[in-house]
Amino acid sequence: MTDPTSPRTVRVDLGERSYDIVIGSGLIARAGAEIAARRPGIRCAVITDRNVAAAHLDSLVASLADAGVEAAPLVLEPGEKTKRFDELVRVCDHVLGARLERGDAVVALGGGVIGDLAGFAAGIVRRGMRFVQVPTSLLAQVDSSVGGKTGINSGHGKNLIGVFHQPELVLADTDVLDTLPIREFRAGYAEVAKYGLIDRPGFFAWLEANWREVFSGGPARIEAIATACQAKAEVVAADERESGARALLNLGHTFGHALEAATNYDSARLVHGEGVAIGMVLAHEFSARMNLASPDDAARVAHHLREVGLPTRMSDIEGGLPPTDILMTHVAQDKKVRRGALTFILTRGIGQSFIADDVPGDEVFRFLEDKRAS
Ligand SMILES: NC(=O)c1ccc[n+]([C@@H]2O[C@H](COP(=O)([O-])OP(=O)(O)OC[C@H]3O[C@@H](n4cnc5c(N)ncnc54)[C@H](O)[C@@H]3O)[C@@H](O)[C@H]2O)c1
Ligand SMILES: O=C(O)C(=O)C[C@@H](O)[C@H](O)[C@H](O)COP(=O)(O)O
Ligand SMILES: [Zn+2]
């Protein structure tokens, strides 16, 4: 019988750039040994943020030192605003200042903000260094640490500047989630539920029945994280650079990213997973309005996300939103736009999402006008 406390490994199959996602308890303490075993003699820069550093940086640095891996830590301010150009410059200068070579590693210890920023630096310094993800938020463990999308935000929109650069190892230590604030746990849960809504209706139903156990920890949490990683690994292996099916992972994101940009990436008002929660409800409601799906499915999604404590409506965002034409400007900057035509991830029902090209902008505008008041 499998020991439920032993780590689970999900493989991301990308030919010579394949890598493991290791999920389990106590992995930060083992990180040095795992990295040194794969790359003897490697040195690294550890990029993190102040909140994560306070709780977990010492353990990671000690684990690296025990394995003889020299580490140069850099601690940044927490929050979405850190995904910007001048912070990228800081990370690059730090890595170069530590005299790390191309064969050395950038290690991201943190949530998706740190992972996206540090990964971008790893992708461009010396034209590409090794990259290791040690994700510490639920969102990062189930989504952002996997798949190689890295980048920063722009005044023009979310994640508009970046590169694909795969990690060569992901170590998801589930113990660190004990220090994650509940609001951030919920935000990560939105991306967990996303995999059910894309194409795993059974997983969504399982979450509806088991979400309390996922929140309280133990085997259900590990099961949810491993299922999410497996789902993402399969999509990434099939379409690494989003020329097709990978766009499904963007369910809820066209609306969600527009809301993040419209709130000026202010994490106090809206964090990414919350934007995704509202965006997924809007995607289901818009699908119902276009007669593609039943309104009952949209109601079911909204009910579940609301019951776990996530926002589900634009009016849940405090401080008001700019006019709809500004929201539409952000929607039009989405990376899925092709020759000016909007692409959305829409649905025919729970777990039946699909890529819809050429979605009429005027329909989206009228829908947002109606929805923002509700
Ligand atoms: N690259 C991808 O494929 C991908 C996928 C999904 C999201 N993202 C990006 O990820 C970002 C969101 O990531 P996030 O939700 O992890 O946000 P985040 O990185 O801002 O982390 C959330 C908050 O929790 C804190 N935190 C993280 N781990 C902690 C821990 N163990 N203990 C205590 N505090 C902890 C952080 O300091 C921060 O304040 C967004 O920028 C989003 O665009 C990228
Ligand atoms: O990995 C992907 O592909 C995703 O779309 C995952 C999303 O959850 C994530 O937020 C991603 O950063 C969005 O990508 P973008 O290309 O729309 O910026
Ligand atoms: Zn996302």
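Counting from 1, residues in each chain are numbered in the order their sequence is written. Following the order in which they are written, the chains are lettered starting with A and the ligands numbered starting with 1. Totals for whole chains, interfaces and linings use all residues, but because this is a predicted model, local features are given only for residues with pLDDT of at least 70 and pairs of side-chain atoms are given and counted only at 80 or more. Derived side-chain values reflect all non-hydrogen atoms in the structure, with water molecules and hydrogen atoms excluded from consideration.

As annotated in an unreviewed UniProt entry, the protein chain carries the name 3-dehydroquinate synthase and comes from Hoeflea olei. Database annotation for the protein chain, UniProt heading Function (unreviewed entry): "Catalyzes the conversion of 3-deoxy-D-arabino-heptulosonate 7-phosphate (DAHP) to dehydroquinate (DHQ)." UniProt positions are given in the numbering used here, feature names are shortened, and annotations may be inferred rather than shown by experiment. The UniProt entry for the protein chain carries the following text under Subcellular location (unreviewed entry): "Cytoplasm".

(A) Up close: the pairing of strand β2 (residues 19-24). Counting buried positions along β2 gives six out of six residues, so the element sits mostly inside the fold. Throughout this description, buried means an accessible area under 20% of the type-specific maximum (1.4 Å probe, protein chains only), exposed means over 50%, and partly exposed covers the range between. A run of H or I in DSSP becomes a helix once it reaches four residues, and a run of E becomes a strand once it reaches two; helices and strands are each numbered from the N terminus. Residues Tyr-19, Ile-21 and Ile-23 of β2 are buried on one face, and the alternating residues Asp-20, Val-22 and Gly-24, pointing to the opposite face, are buried as well. Relative to β2, strand β1 (residues 8-12) runs antiparallel, the two being bridged by five bridges. By the bridge assignment for β2, Arg-11 is matched with Asp-20. For two strands to pair, DSSP has to find at least two bridges joining them. Hairpin connection, β1 to β2: the antiparallel pair is bridged by six residues, and Gly-15 has positive phi, about 60°. Pairing of β2 with strand β9 (residues 169-173), which is carried by four bridges, proceeds in the parallel orientation. Looking at β9, one finds that Val-22 is bridged to Leu-171.

(B) Highlighting the site of ligand 2. Residue proximity to a molecule or strand is established when one non-hydrogen atom of the residue lies within 4 Å of it. In the region of ligand 2, 14 residues are neighbours, and Asp-143, Lys-149, Lys-232, Arg-246 and Lys-335 sit closest. What qualifies as a polar contact is a pair of N or O atoms within 3.5 Å, subject to a donor-acceptor requirement within protein and to the restriction that residues adjacent in sequence count only when both atoms come from side chains. A distance of 2.8 Å separates an oxygen atom of ligand 2 from a polar atom in the side chain of Lys-149. Side-chain polar atom of His-272 to an oxygen atom of ligand 2: 3.0 Å apart, as the coordinates give it. Residue exposure ignores everything except the shown protein chains as possible cover, and the areas themselves are Shrake-Rupley values with a 1.4 Å probe. Starting from 430 Å² of accessible surface for ligand 2 in isolation, the protein chains cover 92%. Residues lining the shell around ligand 2 come from more than one domain, with at least three contributed by each of domain 1 (8-178) and domain 2 (189-372). The domain boundaries here were taken from an automatic or database domain assignment.

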